Structures are given as C-alpha cells and as structure tokens.
Amino acid sequence: MLLWPAVAAAQAPPPELVVNADAPVSVWINGLDVSLAVSTATIDHVTLNDTVAQRLGLSAVPPDNKGDLFIGGVVALQGRHGSAWLAHAQRLQRQQLYWFPGLSSLPLAGTIGPFALPHERIRISWQAATEAGQSTPASLALQLVGDIDHAAYGFGLMENRMLLIGVDVRTRRTLPLVSAASGADLAELLGGKLVGEPWQEEIVLGVKRPVRRLELDEPLEIGPIQIRAVAVRQGGPRDGTARLAPGQIIPFDAEEDPGITQVRGRIVRKRGVARYIVLTRAQLEAYGCSSLLIDKPARLWELSCTAPTIPPPPTPAVPSSPVPAAPAAALVSDVLPSTAPLELALDAPLPVAIDGQVF
C-alpha cells in the first residue's frame, strides 16, 4: 500500500495539451515567436510560408536540403528544409522545418500538425454545431498510426479491409475524400455508383487532383457519422472509369495509388496502395464532433462527438473552402525586447556571475 501512490503516479497519463483548431498556435523558433495554424490529415511537420522562412534565417544546407512534395511518385512541389529549435509550452525539440520557395499562401506564418507539437497528448478542439438536448455522446477510439512526416490517422477496418481515417480541421468539403483503393473497397462492400463528371479538389498546398462522386447503396458508419457519398480520387489515364454498377469494383492502379504523399530526403519512397478517408469540418460539425485526441504514448486516436438523435440532412453541394485561422497579433515577433549592444574592452576585466557569485 505504501508503494501505491508512486505506482499510480507512474501510470498516470501525461498532461493533455488542448489546442483550439481555429486559433493561432504560438511557438518559439530560433529566438522568435511565430504564429502557426493547426493542420491535420496532411503532413504534420512545420511548413512555413517562404517569406517567413527567410525571416527566420533558416538554412537549407546540402546535401540533404531538398524537401520536395511527392504525390503518386511525381514531384508536385519543389521544397526545402532546414534544422531549427522549436519550443512550445516549455517543451523544446530539434526539428526539420519545411518551406516551398515562392509559396506563401499558407494561413498565418505556416502550419503545424499534432506530431510536430512537442507534447505527448494533444487535444485539438473546435466548435460543434449540434443543438443542446438533441444529441447523445458518441465517440470513436482507434489505434493511432502516422508520424511527423505523414499525419495522424486512426486505424480502422471494413470487414478485413484497412481504412485509415483522417480529420482535416482546416477544410470544409461537401463530401469526404477517399483514395481510389478505398473507393474500390466501399463499392464492393457497400455497393454504389459513380455519378456526374469529375471535378478538381485541392489535395494539399494548392495541388489539385480530379475526383468523382461515389454514391453508396448503404451508408459507411464511422462512429456516429454516416457517410452516404464520397469524393473518390481518380488515378489519371490508367483509371478512367466512367460508370460503376452496384457491387462493381472501381479499377485502380495496384502499383501506386495517387494518394501517397512523400517528402524526398525524409521518407523512403515506397510503391503501394493507400487506403484512407478524410473527414472535414462539414461532416464533423454536422454530427456534433468537437475534438480530436492524439495520444502518442498510448497510440490512441480518439474523435469525441455528441451525435444528433436524427441524422442531419445531406450537405448541399458547394465548393470546398478553407477554414480561416483567427488573425494573430503578429506572425513573427521577437521573444525578448531589444537591448543595447554590449561593449567590451580588451584591457578591462569582464565580470561574470557563476552560481550566484560574481567573479
């Protein structure tokens, strides 16, 4: 019994950092205070606007200085990366920071994902739209997969098919985005058909790719969320399906799915099939989801919701749009006030304090 308090303390989970998805996150980088926007379901490392990277004095030193963004094995954006010290809430960590020369369209000074925040347990919260008294608690807890060079996903299964579930807090899309391989799985397991013509959706950092609407015969249930239609990534000329009968599998490129994103110099290039679905604020708010917990030591991905008793009506078809970040007082500012330069004389002693004693 005397050992119980110490054991209980050792087993207690680490403190939880709560981050507002719509508010700036202030981090310390190389002696400067930098305001970043929270980003999820994309590459988690810090990605800066080019103008901010120059302001921070980041250096991309050869030979490992390239940070190109690969999508489907093809360079979508040519980028750079450099090393810097990053601190947040008394946590300090050495990281590689990324930027793309000429690209300064990111919100605030840039973005940061949960794996890049130097904390063990991170809860990202946002405002839910469910009315009080018309809802019931319904959360979804899954195994956490991913890392700083990828993203934080929940590991799910559809029968025996893997499905990675991501949450994009920076975007509102009428339909969740799924990879070509996951579209094939959904069509086979739930039935469905492709309707309408392809359109362009932004995938990451302004890069757009064609998608098509897949209407499902039976809804896909992700915790309390019911998905009846998705936007399926199209694989280009080798994946030009025009129609899909109920139960028919969508053809996809078995060698390499266009949903794979990689950064050269940090990720070994792999050829495989990506299976994922990305929910956005449109679906999260409709079903009363208000926060996402990323618990790194426990490898836990938990979506907290307060589901409506009656499923909401289908979201009207509107173009996807970014969720704006709240403005920051300053994107980059000095941590310490400016001081007068110190003047030293070669022929005069220099007093210093060591352990409180002046010498």
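Residues numbered from 1 in each chain as written. Predicted model: local features only at pLDDT ≥ 70, side-chain atom pairs only at ≥ 80, totals over all residues. Heavy atoms only, no water.

Visitor: I'm lost on the overall build of the chain in this one. Help?
Guide: Within the chain, the regular secondary structure consists of 4 helices and 27 strands. In the chain, which comprises 359 residues, the proportion classed as buried is 46%. Considering only intrachain contacts with a sequence separation of at least 6, the fraction spanning at least 24 residues in the chain is 71%. Summed over all atoms, the accessible surface of the chain reaches about 18,000 Å², with 57% contributed by carbon and sulfur. (Helix = DSSP H or I, 4+ residues; strand = E, 2+ residues; numbered from the N terminus. Buried < 20%, exposed > 50% of the residue type's maximum accessible area, 1.4 Å probe, protein only. Contact = heavy atoms within 4.5 Å. Areas by Shrake-Rupley, 256 points an atom, 1.4 Å probe, with all protein chains shown as cover.)

Visitor: Even after reading the chapter, I still don't get the state of the cysteines, so can you show me in this structure?
Guide: Joining two cysteines, a disulfide is a covalent bond between their sulfur atoms. Applying the stated criterion to the full structure yields 1 disulfide. Here Cys289 pairs with Cys305 through a disulfide, and the sulfurs are 2.1 Å apart. Taking the torsion about the sulfur-sulfur bond, which here is approximately 90 degrees, the covalent link between Cys289 and Cys305 counts as right-handed. Of this pair, Cys289 sits in strand β22 (residues 289–295) while Cys305 is found in strand β23 (residues 300–308), placing the two residues 16 residues apart along the sequence. Classification of Cys289 by relative accessible area gives buried; the value is 0%. Residue class for Cys305 comes out buried when judged on its relative accessible area of 4%. (Disulfide = S-S within 2.5 Å.)

Visitor: Is there a simple way to explain helix α3 (residues 180–190) in this structure?
Guide: Residues three or four positions apart in an α-helix share a direction because the helix packs 3.6 residues into each turn. Most of α3 is tucked away, with 9 of its 11 residues classed as buried. Immediately beyond the C-terminal end of α3, within one or two residues, lies Gly191, with a positive phi of roughly 75 degrees.

Visitor: Explain the confidence of the model for the chain to me, please; I cannot follow it from the model alone.
Guide: Regions with low pLDDT carry predicted coordinates that are not meant to be interpreted in detail. Summary statistics for the chain give a mean pLDDT of 80 and a share of 78% for residues scoring 70 or more. Low confidence marks residues 1–10, where pLDDT is under 50. Its contacts with residues over four positions away, or in another chain, come to 0 contacts. Across residues 236–248, where pLDDT falls below 50, the model places 34 contacts with residues more than four positions away in sequence or in other chains. (pLDDT = per-residue confidence, 0-100.)

Visitor: When you look at unusual backbone geometry in this model, what are you seeing that I'm missing?
Guide: Glycine aside, the phi torsion of most residues is negative, and most peptide linkages are trans. The phi torsion at Ala41 lies on the positive side, around 60 degrees, for a residue other than glycine. By relative accessible area, which is 15% here, Ala41 ends up buried.

Visitor: For this particular structure, what's the right way to read the pattern of salt bridges?
Guide: Two side chains with opposite charge may pair up if their charged atoms get near one another. Under the criterion given, the structure shown has 12 salt bridges. Here Glu188 makes a salt bridge to Arg161, at a shortest N to O gap of 3.0 Å. Remark: Arg161 occurs in strand β14 (residues 161–168) and Glu188 occurs in helix α3; sequence separation between them is 27 residues. Asp185 serves as the salt-bridge partner of Arg275, at 2.6 Å between the closest nitrogen and oxygen. You can see Arg275 sitting in the loop between β20 (261–263) and β21 (276–280) and its partner Asp185 sitting in helix α3, a full 90 residues away along the chain. Taking the relative accessible area as the measure of exposure, Arg275 reaches 22% and is therefore partly exposed. Connected via shared salt-bridge partners are Glu16, Arg121, Arg123 and Asp295. (Salt bridge = Lys/Arg side-chain N within 4 Å of Asp/Glu carboxyl O.)

Visitor: For this particular structure, what's the right way to read the nonpolar core?
Guide: Generally speaking, soluble globular proteins have nonpolar side chains that are buried together. Membership of the largest hydrophobic core comes to 60 residues, with the highest contact counts inside it found for Trp126, Trp301 and Leu303. Discounting chain neighbours no more than four positions away, the residues touching Trp126 are Ala21, Asp22, Val167, Val169, Arg281, Leu284, Cys289, Ser290, Ser291, Leu292 and Leu303. Grouped together as the second largest cluster of nonpolar side chains are 13 residues, Ile43, Leu69, Ile71 and Ile203 included. (Core = buried A, V, L, I, M, F, W, Y, C linked by side-chain atoms within 4.5 Å.)

Visitor: What is the right way to read the side chain of Asp295 from this model?
Guide: One can find Asp295 in strand β22. Look at Asp295 and you get buried, because its relative accessible area is 7%. One polar contact links Asp295 to Arg121, side chain to side chain, over a distance of 2.8 Å. What Asp295 contacts, discounting residues up to four positions off in sequence, is Glu120, Arg121, Leu144 and Leu300. (Polar contact = N/O pair within 3.5 Å; in protein donor to acceptor, adjacent residues only side chain to side chain.)

Visitor: Explain the pairing of strand β13 (residues 153–158) to me, please; I cannot follow it from the model alone.
Guide: Remember that side chains alternate between the two faces of the sheet whenever the strand is regular. Both strand β12 (residues 140–145) and β13 contribute to a ladder of 3 bridges, which runs antiparallel. Pairing of Val145 across the sheet is with Tyr153, part of β13. In the sheet, β13 pairs with β14 via 5 bridges, with the strands oriented antiparallel. Following the sheet pairing, Gly154 is matched in β14 by Ile165. Connecting β13 to the antiparallel partner β14 that follows it, the hairpin turn spans 2 residues, and Glu159 within it adopts a positive phi of roughly 55 degrees. (Pairing = 2+ DSSP bridges.)

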